[in-house]
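# Per-entry structural report
Below, each chain spelled out in residue letters.
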Amino acid sequence: MLVSDPMHVRKHSFFPFIEYSERWTKYSNKGKKGKSKSRPIMYAARRDSCIYSHYRGLLSEAYEKELAIRGISQAALAYRRIPRSNSRGNKNNIHFADDAFSEILNLGDCLVYTLDISKFFESINHTYLKRLWARILGFKIMPPDHFQVFRNVTRYACVNREALYKILGFIGQKSVGTRQVTGYLVKRVPQHVCSGRIFREKVASLIKTNRTNYGIPQGSPISDVLANLSLLEFDTEMVEQMAKVGGSYRRYSDDILLIIPGHGDDFVARLAQVQVLLKACGDKLTIQPTKTTVHKFSRTEGTDFSKCTLLSGSAGKNGLEYLGFRFDGRKAFIRDSTRSRLQRKMTFAVNAAVRRLFRANPGKGRAELKRLFDVNAVLSQFYKVRDFESVAATPRSWTFWTYLIRAQETLGSKGKPIAGQVRNFRHSISYKADRLIDKCTAIP
């Protein structure tokens, strides 16, 4: 195969990554506007992706062996297959959250730190990463084929997707009613966007190259294992440090969780120590202060649950927030920000459904349109699917409701409040649709 032929790979000319921004609005309290956030996502050409995937496999196998040798296989959680102990399949974020919450309950009295690495992928040090890449594969000097892959995923080139589509004529000005708007001029963008000749003539001027000594593209087939690899020494040191105090360490990509028994840990000194150890893996790596929290859990006498108190940080006032859940020492909930995102998606779905209803029923009255609006059709996109049993074992067919079912099953008695958090969604959809129909039509 071409991807596994070192001679071919060392001579291969990689195309630039195609870059787009993933945007979202952060959760905010009612009456306040959420802060807009974005992160660059990049994807590679198909042949390039195959090469990246092949070398990811080589690195991943060596990385897993290294974790086992160091005894830290349970430290780095993201982007890996970690088998469940009592059943088939691998763990996901629900299981990881459940493990952490169960440990907190078992300890009773403990301090829990949550930390976030700021701009993790953008801050990975190339020199440090290259040294680790060669070491875990047993190379004294990185072979030319590996170096070619390394160079193209560190000194990467990229092209903005919107600019690319505009210059190729896929996006441009078009008429919508009486207005001129910018939008797609084709029904579907072809997978092979252009020939080599057109690329050289039109696209080459759009290329941007990363000329710094840090950062890898988020979204490439190999970036996840490189992100984990870049913190191999940090993970090792943190596991050792936690073992000294009888605690535990977990890292899910850029989210770090420390659980330390008792209340005697000096959390100011602990946070400073973590930052020093992180900097040793790259001078751009830093802890995000605004996302750092320290919670104290105290066993309530005569019970098997704990009282949760926020000691440091601005987030987590209602409990520990970890991997999409909130834990108050007794029960686990879906995070408010997760519910907020679902509400926004539901609003978009209702708006689209009402527009389709108007187009399909011109001239219908307001009451008739409300009667024809299908709440279940919108609800099934996010809530309970009609034939749940037939799709429950297929993650790709999960809706938000099936995710909640899995969360409740995994979290057990801790997760009982989750169902109540989304109980009013059906009424919310009907209410939004009625208000929109009232707003969009004056027909009695």
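Everything discussed here concerns the structure shown above.
So, here's what we can say about the structure. (Residues numbered from 1 in each chain as written. Predicted model: local features only at pLDDT ≥ 70, side-chain atom pairs only at ≥ 80, totals over all residues. Heavy atoms only, no water.)

## Focus on the packing of aromatic side chains
- Tallied over the full model, the rule gives 16 aromatic pairs.
- Ring geometry for Tyr20 against Tyr43: centres 6.2 Å apart, planes inclined by 55°, an arrangement best described as tilted. Of this pair, Tyr20 sits in strand β1 (residues 17–25) while Tyr43 is found in strand β2 (residues 36–43), placing the two residues 23 residues apart along the sequence.
- Its relative accessible area of 25% is what places Tyr20 among the partly exposed residues. (Phe/Tyr/Trp six-rings, centres within 6.5 Å; stacked < 30°, edge-to-face > 60°. Helix = DSSP H or I, 4+ residues; strand = E, 2+ residues; numbered from the N terminus. Buried < 20%, exposed > 50% of the residue type's maximum accessible area, 1.4 Å probe, protein only.)

## Observations concerning the nonpolar core
- By size, the foremost hydrophobic cluster in this structure holds 57 residues, and its most contacted members are Trp133, Val149, Ile222, Leu226, Leu229, Phe234 and Leu258.
- Counting residues per element, the ones that place at least two in this core are α2 (46–70), β3 (110–116), α4 (126–136), α5 (144–154), α8 (223–230), α9 (232–244), β9 (255–261) and α10 (267–279).
- The biggest single contributor to this core is α2, with seven residues.
- In this view, Trp133 contacts Leu59, Met142, His146, Val149, Phe150, Val153, Ile222, Leu226 and Leu229; residues no more than four positions away in its chain are not counted. (Core = buried A, V, L, I, M, F, W, Y, C linked by side-chain atoms within 4.5 Å. Contact = heavy atoms within 4.5 Å.)

## Let's talk about the environment of Arg155
- Take Arg155: it is sitting in the loop between α5 and β4 (157–160).
- Classification of Arg155 by relative accessible area gives partly exposed; the value is 41%.
- Distance from Arg155 to Leu342, taken between C-alpha atoms, is 37 Å for residues 187 residues apart in sequence.
- Beyond its immediate sequence surroundings of up to four residues, Arg155 is in contact with His126, Thr209, Asn210, Arg211 and Thr212.
- A polar contact is formed between the side chain of Arg155 and the backbone oxygen of Arg211, at a distance of 2.8 Å. (Polar contact = N/O pair within 3.5 Å; in protein donor to acceptor, adjacent residues only side chain to side chain.)

## Describing the sheet that holds strand β10 (residues 293–299)
- Within the open sheet, the five strands sit side by side as β8-β9-β3-β10-β11. Their pairing is antiparallel. Edge positions in the open sheet fall to β8 (248–252) and β11 (306–312), since each of these has one partner strand only. Neighbour to neighbour, the strand axes of the sheet diverge by 20° on average, direction disregarded.
- Pairing analysis gives six bridges linking β10 to β11, with the strands arranged antiparallel. Following the sheet pairing, Ser298 is matched in β11 by Lys307.
- Sheet strands touched by α10: β3, β9, β10 and β11. Its angle to β3, the strand with the most contacts, is close to 35°. (Pairing = 2+ DSSP bridges. Axes fitted to C-alpha atoms, helices over the stretch in contact; angles between N-to-C directions.)

## Brief notes about the pairing of β10
- Bridge count between β3 and β10: five bridges; the pairing is antiparallel. Counted as the bridge partner of Val112 is His295 from β10.
- In textbook terms, the turn of a hairpin is the stretch between consecutive antiparallel strands, and for β10 and β11 this stretch comprises six residues, one of which, Gly302, has a positive phi near 80°.

## Some words on unusual backbone geometry
- Phi is positive for Ser253, close to 60°, though the residue is something other than glycine.
- Structurally, the position occupied by Ser253 is in the loop between β8 and β9.
- A relative accessible area of 7% places Ser253 in the buried class.
- In the Ramachandran plot, Leu323 falls in the positive-phi region, its phi being about 50° despite a non-glycine side chain.
- One can find Leu323 in the loop between β12 (320–322) and β13 (325–327).

Note that all results are geometric; they support no functional claim without further evidence.
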